[in-house]
Each structure stands twice: as C-alpha cells, then as structure tokens.
Amino acid sequence: MLVLPLAIAWFAAVGLIPLHGRVRGVGWLAVACLSATLALTVWLAAVVLGEGPVEMVAGNWPAGVGITLRADALGVTFAVLSLIVLLAALTYEVLAGVRSPTFPALVLFMATGLTGLFLTADVFNFYVFFEISMISAYVLTSYGGRARQIRAASIFAVVNLLGSVLFLIGIAALYHLTGTLDMATIAARGDNIEQNPSILSAAIIFVAFGVKLGLFPFHFWLPPVYTGTRPAVAAILSGALANIGSYGLLRFGANLLPRELELGGTALLLLGTASIVYGALQAISRHAPTEVLAYSSIGQVGYIMIALAVGGRVGYGAAILFAVVNSLNKTLLFLSAGLQGWLVGAVFVVGAFSVAGVPPSAGFFGKLALFQAAIAGESALLITLIFLGGALSFVYMFQVYQRAFWEDTEPETPSPLANRSLVFVLAGLVVGLGAWPEPLLALSRRAAGVLAGGAP
Amino acid sequence: MILILSLAVAVLFGSGAYLMLKRDLIRVVVGMVMISNAANLFIMSAGLTRGRAPIHPYPETATVSDPLVQAMTLTAIVISFGISALVLGLVYLVYISHLSLDLEDISDAEELEEAQLERERSPEPEREMV
C-alpha cells in the first residue's frame, strides 16, 4: 500500500520521458497519473489517521536490515500537500500550453522524490529521494529556456548542490555517531551520544535545510530564482520543494535530535526574527509582484523557525499548520501573479489576505496558531514580533495588489479562462479551509503528536 | 589513518570551496565535484573499521568491515556523477545564451535585463515625482 503511490508516480515519470510533453494528450496523461498518485496518498492518509502509522520493509528483508518505509501523520500531511501543489502547477501549465517536451515527466519525477522523502524512515533513503526531487527541480528551473531562466537555474543548482552535500555530510556524521540509519533508532539512541559532535552534525543538517528553505542568512539565492522562473515553476519551488525544508527541520530537529533543537532554540529564534524583519522590509521596498512574493517567502519561513523554537505540542502544531497554509498561499499567489483578466484580482486578494492572516482565509488560522505558540512560549516580545510581521505583510501585499490590479493599465489580453478558473478553485480551497478549519487543525494536531512523542 | 583521511577530506573540501568562489563557472563546477568527493570520503571514514571484505560466506569469528558505508558511498558517487553531468549541461546552456562563462559578464547581463524590465513596467516615472 505504501509503495503504490510511489510506484505509480515513478513508472509514469519513466514512461513519459520518451513521449513529447508538448502534445496535449501527453500532458493530460501526466495530470491523470499525478491525480492517481494524489488519490492513493489521500487514501493512505485516511488509513494512517484512522489506524495509526503504516510501516513496511522493502524487499522482504527482516526489520532493521532492509530499508524501511513508514507513513505517519506528519509524513502523509506533507505528502498530500505537496502533491496538491504539484497537481495544481502541472494542470496550470498543461492548460496554458507546455513549452518543453520534458516538463510533465519532470513534475512526476519530483512527485516521486517528494512522496518518497516524506514516507521514508531511513535517513540515507531520505537523501536519495531528496536528490531525485532536487535534480528535477534544477531542470525545472531552467524551464522556459530564456537567458533569465538559465541564469536562475545555474544559481539555484550551485547553491542547492552545496546544501545537498552538506546534508550528506550531516547524515554521515549521524551514522558515525549512532551507528544506524533508521530514524526511530537514531531518535532512541540520540540521548546517549556525546553532545559536542551531535551539536555539530545537527548544525550541519540545519544549515542544509536552511538553504532549501531560504532562511535569512542563506536566502541570497532565492529572489533571483523565484523571479526568474516561470510562474508554474515558482509555484512548485515555493509550494512543494520548500516543504522539504520545513519537513526536514521538523523531522530531523524535533523528532531525531530534540535535545540539539532545544539547545539551538535561541539561535532559531534570532534567525527567525531576522528572517521575518528582513523579508518584510525588503518586500515593502520592491515593486514587481513576483519579487515581493519572493521576499515574503523569506519572511514567512521565519515564522516556522519561531514556532519550532517554542517547541512542544503547540509549537510544532503551529509550525506544521503554518507550513501547510503558507505553501498553499504561495502556490495561489505565484500562479495568479502570471495571469491577467477578471477573476484574477479577486483570487490574488484572497491569497494576499491569507498571507496577512485576515479571517475568512486559511492564513488566519496559521497566524492564530502562531499566536498561541507565542503565548505558550510566554514571551511578549514574540507576540509583538508576530503582530508586527503580520502588519507589515498586510502593507506589502496590499501594495502589490494596488499596483497590479487597481492601476488603469491598457487593456491587456486576458489569460485563458481555464487557467483563471484553476486559480479560482485554489482560492476556493484556501477560503474553504479558512471557513471550515476543523480537519486542518485536527491534522496538524495529530502530526504534532508524532513529534512531541505523546500518543497520537 | 584517521589523521590522513581527515586531512584528505579537509584539503578536498577546502580547495573545492576556494574554487567555488571563483568567477569562472567551469571552476565553480570543478569545485563542486571536489566538495562532493570530500563528502564521499567523509562517508567512508564515518564507518571505518578493519576487517575482512563483507562477502557472505565468511567464518563466524571474523570481523568484517562495515559494508553499509560502502553502499552509501557508491550511491553518493552515482548521484554526484549524474549531477556533475547535469551542471555541465547547464553551464553549456549559460555559455550559449551569454557567450561567456565569466560570472561578472553574466551578472552584467542580468542588471541590463532588469533595468529594461523596470523601464517597461513604469513608462511614466515622472508622475510619481510630482
């Protein structure tokens, strides 16, 4: 059951390579395969939430020898989320007309990598799936083939390769310290290992995920890449690929190395604060919508850091909830920023309000969870910071909206109606999750329960 | 042995990092390859034990060297090989579109393009001044 979504995405990707992706039918075939993967993952999620974690060892090896795949509430949450984002971006691009023959296959490869990474219980296997999704991301960034996209791809590849190598070194160090690659065993042995080397390897892993997320001191690659790529690719990068960073920090920090995470709490708080302030101030001073969104991504990551630093059930729950809401918001905004015509303004405003945390949208509950975490952390400073960040994000999102949709520009050719309807559906999802947040809240609570070590 | 290995890892990583800071893209790629090789060596040294080769029929009492790190290194080598090919392809694309591999030229081209975009975006900058 666990292998099924992985297998479908993988075989579909391999099968799609020789086919010419610009043919409409091939694109729709890819959409169908990705939908099947998503449906199976949702089914898996239902089973996991109903009956507890599902586990299997690859190749019928005895447990402890073979590579384990394991689906728990945290993993399936992120898997479903990433697949939704990928499906939206792929459908968007197929509707608008695919520009490169390999695009559908690459998106499916990334779906394989992401699903595998969220459902594995083996750190080295995590790295392998991580590289599968990163390699398809490198190629996807150059999608479009203009000089701008190629420049973005080269920056992205060089910086993130360095991040991947650091992650590999971190894994090797963890293996050396604990003598195992199995996540559960590492977590169990984590308390017995010597503190200094474990802090070092935790720091290396943190830097690796920080690079993926675009956290403040490692953010420099992010704006040129997000503004340079095509809207669908920017949505994939910010909505699906950035999940690797948040999931990785939650899994490796909160689950495998909780002691080190606690020790580094102050550093996380400082970096998170710096990220929020820097991202918001830069976003206010920018003009182009994609640029504002790119800097806003840097800022939003800071909230996840702060929630992680607060820790505990409330903090982790807030981090998960915020990560989910944030990636939906960013997908919606990046996709709609590339469109013109009526409906788009309304869709953009939904995304903008969601980023700012205005009530009818899902973003409100993300912010609410953060406030709860800050109150649990008993720090007036944190509450002020989150409030200030929210106010600043309201200012820059509204500025963009005003510039992009209120000014009387010459009547431009409206984008295809199908694309506009797609982003409209996405906006409906964001509003719907805000209007009926109970499932999302329950999901994040369950996922946080996995990390906090309590009963699910 | 441990000292030699760690020195080798350090030298490889250091030279790789130095090369990555260069302006020439080819050097950046070479630096990247060196850093990933440093990582491979580091994985090997993470499970460095003396013993027989871990091939299945071996006497019960024999100590074998850790096979897991070798498997991991092999996987990492394959991945880094694929990535080097991919990045070289990217560098070739950069060369085709910019006719240069100097990062300074490339960032100049970027600035030029951005200024052009800015001009297209705001055709009447005077209006804001009033």
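Residues numbered from 1 in each chain as written. Chains lettered and ligands numbered in written order. Predicted model: local features only at pLDDT ≥ 70, side-chain atom pairs only at ≥ 80, totals over all residues. Heavy atoms only, no water.

### Considerations on the overall build of chain B
In step 1: If you tally the helices and strands in chain B, you get five helices and zero strands.
In step 2: A compact globule built from 130 residues would reach a C-alpha radius of gyration of about 14 Å, whereas chain B, at 24 Å, exceeds it by more than 25%.
In step 3: Counting only C-alpha atoms, chain B reaches 90 × 30 × 30 Å along its principal axes.
In step 4: Long-range contacts, defined here as pairs at least 24 residues apart, represent 47% of the contacts in chain B between residues at least 6 apart.
In step 5: Surface summary for chain B: the accessible area is close to 8700 Å², and the carbon and sulfur share equals 66%.
In step 6: Here chain B contributes 8 positively and 16 negatively charged side chains, and the mean placements of these two sets differ by 11 Å. (Helix = DSSP H or I, 4+ residues; strand = E, 2+ residues; numbered from the N terminus. Rg over C-alpha atoms; globule rule 2.2 N^0.38 Å. Contact = heavy atoms within 4.5 Å. Areas by Shrake-Rupley, 256 points an atom, 1.4 Å probe, with all protein chains shown as cover. Lys, Arg positive; Asp, Glu negative; His and termini not counted. Charge placed at Lys NZ, Arg CZ, Asp CG, Glu CD.)

### Focus: a nonpolar patch on the surface
Residue and element names in this part refer to chain B.
In step 1: The grouping of Tyr92, Tyr95, Ile96 and Leu99 at the surface amounts to a nonpolar patch, some 470 Å² of accessible area in total.
In step 2: If you trace the backbone, Tyr95 turns up in helix H3 (residues 67-98).
In step 3: Assessed through its relative accessible area of 40%, Tyr95 is described here as partly exposed. (Patch = residues over 30% accessible without salt bridge, like charges linked within 9 Å, V, L, I, M, F, W, Y side chains within 5 Å. Salt bridge = Lys/Arg side-chain N within 4 Å of Asp/Glu carboxyl O. Buried < 20%, exposed > 50% of the residue type's maximum accessible area, 1.4 Å probe, protein only.)

### A look at the pattern of salt bridges
Residue and element names in this part refer to chain A.
In step 1: For the structure shown, the criterion picks out nine salt bridges over all chains.
In step 2: Between Arg70 and Asp72 there is a salt bridge, and its shortest N-O distance comes to 3.6 Å.
In step 3: Among the residues examined, Asp72 registers a relative accessible area of 2% and is labelled buried.
In step 4: Residues Asp72 and Arg251 are paired through a salt bridge, measuring 3.0 Å at the closest nitrogen-oxygen approach. Of the two residues, Asp72 sits in the loop between strand E2 (68-71) and helix H3 (73-96) while Arg251 sits in helix H10 (residues 231-256), which places them 179 residues apart along the sequence.
In step 5: What makes Arg251 buried here is its relative accessible area of 5%.
In step 6: Taken together, the salt bridges that share partners define one network made up of Glu55, Arg70, Asp72 and Arg251.

### Quick look at the interface of chain B and chain A
Quoted interface sizes are often the accessible area lost when the parts come together.
In step 1: Each partner contributes to the interface: chain B provides 34 residues, whereas chain A provides 29 residues.
In step 2: Between chain B and chain A lies a buried interface of about 2800 Å² when both sides are counted; carbon and sulfur atoms form 81% of it.
In step 3: Between the two partners, chain B and chain A, sit zero salt bridges.
In step 4: Elements supplying a minimum of two residues to the side of chain B that touches chain A: helix H1 (2-20), helix H2 (25-46), H3 and helix H4 (103-121) of chain B.
In step 5: For the side of chain B that touches chain A, a count of residues per class yields 23 nonpolar, seven polar and four charged. (Buried area = accessible area lost by both parts, 1.4 Å probe. Nonpolar A, V, L, I, M, F, W, Y, C, P; charged D, E, K, R; others polar.)

### Here's the deal with the packing of helix H14 (residues 312-337) of chain A against helix H15 (residues 344-356) of chain A
Residue and element names in this part refer to chain A.
In step 1: As a packed pair, H14 and H15 sit with axes 9 Å apart at the nearest point and diverge in direction by 150°. Comparing the axis directions of H14 and H15 gives the class roughly antiparallel. Crossing angle aside, the handedness with which H14 passes H15 is left-handed. Of the residues in H15, those in contact with Val325, Asn329, Leu332, Leu333, Ser336 and Ala337 of H14 are Val344, Val347, Phe348, Val350, Gly351, Ala352, Ser354 and Val355.
In step 2: Among the residues forming the contact of H14 with H15, the class breakdown is 10 nonpolar, four polar and no charged. (Axes fitted to C-alpha atoms, helices over the stretch in contact; angles between N-to-C directions. Parallel < 35°, antiparallel > 145°, perpendicular 65-115°, else oblique. Left-handed = near helix turned anticlockwise from the far one by under 90°.)

### Points about H14 of chain A
In step 1: Helix length check: H14 of chain A (26 residues) gives 37 Å between terminal C-alpha atoms against 38 Å at 1.5 Å per residue, within 8%.
In step 2: In terms of residue burial, H14 of chain A counts as a mostly covered element, since 22 of its 26 residues are buried. (Expected span 1.5 Å × (residues − 1).)

### Examining the packing of aromatic side chains
The relative placement of two aromatic rings is captured by the distance of their centres and the angle of their planes.
All names here are of chain A.
In step 1: Evaluated as defined, the whole model comprises 28 aromatic pairs over all chains.
In step 2: Relative to Phe209, the ring of Phe126 lies with its centre 6.2 Å away and its plane at 90°, an arrangement referred to as edge-to-face. Taken together, the residues span a long stretch of sequence, with Phe126 in helix H5 (residues 123-141) and Phe209 in helix H8 (residues 195-213) at a distance of 83 residues.
In step 3: Judged by relative accessible area, which is 0%, Phe126 ranks as buried.
In step 4: Their ring planes at 40° and their centres at 6.4 Å tell us that Phe398 and Tyr401 sit as a pair that is tilted. Here Phe398 and its partner Tyr401 are both found in helix H17 (residues 380-406), three residues apart, which amounts to about one turn of the helix. (Phe/Tyr/Trp six-rings, centres within 6.5 Å; stacked < 30°, edge-to-face > 60°.)

### Concerning a negative patch on the surface
Residue and element names in this part refer to chain B.
In step 1: The grouping of Asp105, Asp108, Glu111 and Glu114 at the surface amounts to a negative patch.
In step 2: Here Asp105 shows up in helix H4.
In step 3: Classification of Asp105 as partly exposed rests on a relative accessible area of 40%.

### Quick notes on the confidence of the model for chain B
In step 1: A residue-level look at chain B finds 92% of positions with pLDDT of 70 or above and a mean pLDDT of 82.
In step 2: On the interface metric, ipTM, the complex scores 0.86, and its pTM is 0.89. (pLDDT = per-residue confidence, 0-100.)

### Comments concerning the side chain of Thr115 of chain A
In step 1: Residue position: Thr115 of chain A is located in helix H4 (residues 103-118).
In step 2: Not counting the four nearest positions on each side in its chain, Thr115 of chain A is found in contact with Leu6 and Leu83 of chain A.

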